[in-house]
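# Observations on chain architecture
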Amino acid sequence: MSAHKAKIIDKISRYFIDGQQNIIQSFMAHDINAILNKENWNKRKFFYGKSISLAGPHHEKSVANFSVVSGNKLPSSSLNNIKLDEGDEFIASGLSVIAHPNNPNIPTSHMNGRIFILLRKRKIHNWWIGGGYDLTPYLFNRSDTILWHRNSKKFLDNYNQKLYSKFSKNCDEYFYLSHRKERRGVGGIFFDNFKLNDMDSSLLFLENMFLIYQDTYNTIFDKRMSSPFSKLEKDFQLYRRGRYVEFNLLHDRGTKFGIQSNGRTESILGSLPPSVTWINKKPKTIISMEKKLIRQTSKNWSNEIDT
């Protein structure tokens, strides 16, 4: 069984490792002299990963995490409450990326792509992919948001013209802070339990999604990274980052899966921003900026991309 598992893992890992390297290299173009940290971790056979983070004048903290988790007992947070029969095993592997820019004119972005494989009697019994990406602005820019969604639609329309509306709706519903009654950002795409014709086609779909995310986000980043900003705007960014922390710790299924599967805690929590504030009594300026931002994040941007 181990040799068979190793062959499967080698095949699927190539997509995630290549995506990780490509995205980090593209981020390095913004911060040539950024501090780059690479951590390979290995808890046991078929339970390992690699975390790459960078920090510089423009990327306050950006992280790309690759991981492989395998076993015969699933965490309680597993999707669809899958139950493994005696002798079954699972493989879960994926790439997760988070970018926290220094400049509040640049949105925070998140991207995740993953595959789940169920092995039964030494063969692949079932599998599916999941993932997506979303954008969390602080100083809202309409053209950036339109570009983000328009490129997502173009990408998905190449496969099926019904996917974008479905995946965009999924994103708005998933990245929602129920205790705040507000969305985390302006959305993007989100999907789970999805497959194309075969595993190779599905993995190529994820690979293409990595490229769309990378190209679109870097376009926005390049346009905004030299934009001036005030202390108030930076303070507002640090305050609104709190929503990001709250979602990841309270609602994010990937965080729960990682913790419950006894993954590397530093990598699981690596998506959290390096600096964040919570304000007990908000000044009127922050209240006004927040109301304006929430009006924008409350819109269904999938309906706005042709306007």
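First things first, this report covers the structure right here in the doc. (Residues numbered from 1 in each chain as written. Predicted model: local features only at pLDDT ≥ 70, side-chain atom pairs only at ≥ 80, totals over all residues. Heavy atoms only, no water.)

With that out of the way, let us pick up the environment of Asn 151. Note on placement: Asn 151 falls in helix H2 (residues 142–157). As a C-alpha pair, Asn 151 and Gly 188 span 37 residues in sequence and 9.9 Å in three-dimensional space. Setting aside its immediate chain neighbours within four residues, Asn 151 contacts Ile 212 and Thr 216. Within polar-contact distance, the side chain of Asn 151 engages the side chain of Thr 216 at 3.0 Å. (Helix = DSSP H or I, 4+ residues; strand = E, 2+ residues; numbered from the N terminus. Contact = heavy atoms within 4.5 Å. Polar contact = N/O pair within 3.5 Å; in protein donor to acceptor, adjacent residues only side chain to side chain.)

An order of S1-S2-S3-S4-S5-S6-S9 is seen for the seven strands of this open sheet, with the pairing classed as antiparallel. Lying at the two open borders of the sheet, with one neighbouring strand each, are strand S1 (35–44) and strand S9 (187–194). Direction aside, the axes of adjacent strands within the sheet are offset by 5° on average. In terms of strand pairing, strand S3 (residues 59–71) meets strand S4 (residues 89–101) through 12 bridges, oriented antiparallel. Its bridge partner being in S4, Ser 70 is matched across the sheet by Ile 91. Relative to the sheet, helix H1 (residues 2–28) contacts S1, strand S2 (47–55), S3, S4, strand S5 (108–120) and strand S6 (123–136), its axis offset from that of S4 by approximately 5°. (Pairing = 2+ DSSP bridges. Axes fitted to C-alpha atoms, helices over the stretch in contact; angles between N-to-C directions.)

Enumeration according to the criterion identifies 20 salt bridges in this entry. Between Asp 144 and Arg 224 there is a salt bridge, with the nearest N and O atoms lying 2.9 Å from each other. Pair noted here: Asp 144 is in helix H2 and Arg 224 is in helix H4 (residues 199–224), with a separation of 80 residues, a long-range link. The residues Asp 144 and Arg 224 share a single accessibility class, namely buried. Salt bridges sharing common partners tie together Glu 182, Arg 240, Arg 243, Lys 282 and Glu 290. (Salt bridge = Lys/Arg side-chain N within 4 Å of Asp/Glu carboxyl O. Buried < 20%, exposed > 50% of the residue type's maximum accessible area, 1.4 Å probe, protein only.)

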